[in-house]
Amino acid sequence: MKDRIEQAIENFRSGYNCSQSVAAAFADIYNVDKDTILRASASFGGGIGRMRQTCGAACGMFLLAGLENGSTTPKDIIGRDNNYKLVQHLAEKFAAENGSMICGELLGLTGNAPKAKRPCSQMVESAARIYAEYLTDKTTIDE
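The model shown is predicted, which means the values in this text are computed figures rather than measured ones. (Residues numbered from 1 in each chain as written. Predicted model: local features only at pLDDT ≥ 70, side-chain atom pairs only at ≥ 80, totals over all residues. Heavy atoms only, no water.)

**As for the packing of aromatic side chains**
Our working definition: Stacked, tilted and edge-to-face are the three classes assigned to paired rings of Phe, Tyr and Trp, where Trp is represented by its six-membered ring and a pair needs centres within 6.5 Å; plane angles under 30 degrees give stacked, over 60 edge-to-face, the rest tilted. Here a strand is any run of E in DSSP of at least two residues, a helix any run of H or I of at least four, and the numbering for each starts at the N terminus. Only protein chains enter the calculation, and the probe is 1.4 Å; a residue is then buried if its accessible area is under 20% of its type maximum, exposed if over 50%, and partly exposed in between.
Within the structure shown, the criterion is met by two aromatic pairs. Aromatic side chains Phe26 and Tyr131 sit 5.3 Å apart centroid to centroid with 80° between the ring planes, which places their arrangement in the edge-to-face category. Of this pair, Phe26 sits in helix α2 (residues 18–26) while Tyr131 sits in helix α7 (residues 120–137), and the two are 105 residues apart along the sequence. Among the residues examined, Tyr131 registers a relative accessible area of 0% and is labelled buried.

Right, here's the structure in full:
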């Protein structure tokens, strides 16, 4: 999984946004082609359309969570709940590690910023590592 983390960082250095960088590093696991995952994740960069809201790297991780176990039928309440639990689990890990999930705060652009401003590349690495750890451990999500 270390290669996936390095790929996410390389994607970002190559010019993809934070969300695209994370999502594209894992897309092949789900048999999603590169163009499709890049288009699907494109809008989430910069804290969703550069609005500095939810971190785009975290959004890329959440998009992957949907590919991992998202429900595909409207009445699949158990599947939907399981997906939400996974997203909440990943979000808690991301926020605990980085001090926030809000792009503007992570970049030090708001009064609620964590102690130190964090570069986007660090968020990409963090999200990719958290997701890789989840895939490796298939962590049990608490009920």
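**Some details on helix α5 (residues 77–98)**
Selection criterion: Multiply 1.5 Å by the residue count of a helix minus one, and that product is the helix's expected span. Contact criterion: two residues are considered in contact whenever any of their non-hydrogen atoms come within 4.5 Å of each other.
An ideal rise of 1.5 Å per residue puts 32 Å on 22 residues; α5 measures up with 31 Å between its terminal C-alpha atoms. All buried positions along α5 are accounted for by Gly79, Asn83, Leu86, Val87, His89, Leu90, Ala91, Phe94 and Asn98. Buried residues along α5 sit in contact with α4 (56–69), α6 (103–106) and α7. Where α5 ends, the next residue or the one after it, Gly99, has phi of about 90°, a positive value.

**A word on α4**
Note: α-helices contain 3.6 residues per turn, so residues at a spacing of three or four share the same orientation. Over its 14 residues, α4 extends 20 Å from the first C-alpha to the last, a length consistent with the 20 Å expected when each residue adds 1.5 Å. Residues of α4 that are buried: Gly56, Ala57, Ala58, Cys59, Gly60, Met61, Phe62, Leu64 and Ala65. Those residues of α4 hidden inside the fold are in contact with α2, α5 and α7.

**Notes on empty space enclosed by the protein**
So the rule is basically this: Here a cavity denotes grid points, spaced 1 Å and computed from the protein atoms alone, that fit a 1.4 Å probe unable to get out, and a pocket denotes an open set having protein on both sides within 12 Å along at least 5 of 7 lines; residues with an atom within 4 Å of a point are the lining. Grid points are joined across faces, edges and corners, and a volume is the space filled by probe spheres set on the points. Only Asp, Glu, Lys and Arg are considered charged, only Ala, Val, Leu, Ile, Met, Phe, Trp, Tyr, Cys and Pro nonpolar, and every remaining residue, Gly among them, polar.
All told, the structure shown has one cavity of 30 Å³ or more when counted by the stated rule. Counted as a void, the largest cavity has a volume near 60 Å³. Taken together, Cys18, Gly46, Gly47, Cys55, Gly56, Cys103, Leu106, Leu107, Cys120 and Met123 form the lining of the largest cavity. For the lining of the largest cavity, the elements supplying multiple residues, two or more each, are α6 and α7. Split by residue class, the lining of the largest cavity holds seven nonpolar, three polar and no charged.

**Things to note about the side chain of Ser41**
Position of Ser41 relative to the elements: it lies in helix α3 (residues 34–41). Not counting the four nearest positions on each side in its chain, Ser41 is found in contact with Asn17, Ser19, Gln20 and Ala23.

**Let's talk about the state of the cysteines**
Short version of the rule: The disulfide criterion is simple: two cysteine sulfur atoms within 2.5 Å.
Per the stated rule, a full pass over the model turns up zero disulfides. We note that Cys18 lacks a disulfide partner, and the nearest cysteine sulfur, in Cys55, lies 5.5 Å from it. Overall, Cys18 belongs to the buried group, its relative accessible area being 6%. Counting only cysteine sulfurs, Cys120 is the nearest neighbor of Cys103, a cysteine outside any disulfide, at a range of 5.7 Å.

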